[in-house]
Amino acid sequence: AVALDPSNVARTARGERYLHYSEGIHPTLAEQLDSMDQERVRLAAAFGVASETFPEILQRQYGHAPGETFYLTMASTTSLYRSTSPSGIPELREARTLREDIPALFTILGLARLRNVPMPTTRSFAEALPYLLGRIGLGLEVVTLYPAFGEESLPRLFAREISTTREGRREA
């Protein structure tokens, strides 16, 4: 979500490098990420798995005290996370986020469907992917799924997920 955020895509297109977490997350994006993080924790609970929010993980692993908000927590991670943004759109097109994070997103939505766990923020982000990828000259066909999905392509899976959501049959 960070690398494909429209403001970060504009920065990347200008060749501006930024620290992924502490500089790439603005307050509005932080609200979205916090909501997606909370949805992820609720999904894990639906499977009987105790999970921590990202700020809780930071505190446990690094002793990094959470800020008052998700945004303030992430803005204060400069000393913890030094990963930087891609240096330009060509590098972004080859970034790990497209090969790992997007397939993981659809895995999460599939698991949510199995347990009927509503994930409105995560689903909204998934629905925005064609637009977000289009801004960097790509489509969903460049993203491959994890082997658990077999030979099904991401565009077909995405189309099925979104069409059934619009028909009101799925909430996850």
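All values derive from a computational prediction rather than experimental measurement.

What follows concerns the overall build of the protein chain. Along the backbone of the protein chain there are eight helices and zero strands. Walking the protein chain from its N terminus toward its C terminus, one meets helices and strands in the order α-α-α-α-α-α-α-α. Counting only residues that meet the buried cut, the protein chain has 43% of its 172 residues in that class. Once local pairs closer than 6 in sequence are excluded, the contacts in the protein chain between residues at least 24 apart make up 60%. In the structure as shown, the protein chain presents an accessible area of about 9,000 Å², 53% of it carried by carbon and sulfur atoms.

Turning to unusual backbone geometry, a few remarks are in order. You will see that asparagine 116, though not glycine, has its phi angle at about 55°, which is positive. Relative to the helices and strands, asparagine 116 resides in the loop between α6 (96-115) and α7 (120-134). Exposure remark for asparagine 116: the relative accessible area of 67% places this residue in the exposed category.

Here we take up the packing of aromatic side chains. On inspection of all chains with the given rule, the structure shows four aromatic pairs. With 4.8 Å between their ring centres and 55° between their planes, tyrosine 21 and tyrosine 81 make a pair best called tilted. One end of the pair, tyrosine 21, is in the loop between α1 (6-13) and α2 (27-46); the other, tyrosine 81, is in the loop between α4 (70-75) and α5 (89-93), with 60 residues separating them in the sequence. The class of tyrosine 81 is buried, set by a relative accessible area of 19%. Centroid distance tyrosine 62 to tyrosine 81: 6.1 Å. Interplanar angle 75°. Geometry classified as edge-to-face. Of this pair, tyrosine 62 sits in helix α3 (residues 54-62) while tyrosine 81 sits in the loop between α4 and α5, and the two are 19 residues apart along the sequence. On the accessibility criterion, tyrosine 62 (43% relative accessible area) is partly exposed. Taken together, Tyr21, Phe54, Tyr62 and Tyr81 form an aromatic cluster joined through their ring pairs.

We now examine the pattern of salt bridges. Here the structure, examined in full by the defined rule, presents seven salt bridges. Measuring nitrogen to oxygen at the nearest pair gives 3.0 Å for the salt bridge that ties glutamate 16 to arginine 11. Judged by its relative accessible area of 30%, glutamate 16 is partly exposed. Connected through shared salt-bridge partners, Arg11, Arg14 and Glu16 make up one network.

This paragraph deals with a nonpolar patch on the surface. Residues Phe47, Val49, Leu111 and Leu114 make up a contiguous nonpolar surface patch of about 340 Å² in total accessible area. Here leucine 111 lies in helix α6.

On to the nonpolar core, then. With 25 residues, the main nonpolar core has Leu4, Ile102, Leu129, Leu133 and Ile136 as its most contacted residues. If you list the elements that add at least two residues to this core, you get α2, α5, α6 and α7. It is α6 that contributes the most residues to this core, six residues altogether. Leaving out residues up to four positions away in the same chain, leucine 4 has contacts with Val9, Leu98, Ile102, Leu129, Leu132, Leu133 and Ile136. Judged by nonpolar contacts, the second largest core, of eleven residues, contains Leu29, Phe54, Phe70 and Met74.

Okay, the environment of tyrosine 81 next. Through-space distance from the C-alpha of tyrosine 81 to that of tyrosine 21 is 7.0 Å; in sequence the pair is 60 residues apart. Once residues within four sequence positions are removed from consideration, tyrosine 81 is found in contact with Leu19, Tyr21, Phe54, Leu58 and Tyr62.

Reading the values: the criteria
Residues numbered from 1 in each chain as written. Predicted model: local features only at pLDDT ≥ 70, side-chain atom pairs only at ≥ 80, totals over all residues. Heavy atoms only, no water. Helix = DSSP H or I, 4+ residues; strand = E, 2+ residues; numbered from the N terminus. Buried < 20%, exposed > 50% of the residue type's maximum accessible area, 1.4 Å probe, protein only. Contact = heavy atoms within 4.5 Å. Areas by Shrake-Rupley, 256 points an atom, 1.4 Å probe, with all protein chains shown as cover. Phe/Tyr/Trp six-rings, centres within 6.5 Å; stacked < 30°, edge-to-face > 60°. Salt bridge = Lys/Arg side-chain N within 4 Å of Asp/Glu carboxyl O. Patch = residues over 30% accessible without salt bridge, like charges linked within 9 Å, V, L, I, M, F, W, Y side chains within 5 Å. Core = buried A, V, L, I, M, F, W, Y, C linked by side-chain atoms within 4.5 Å.

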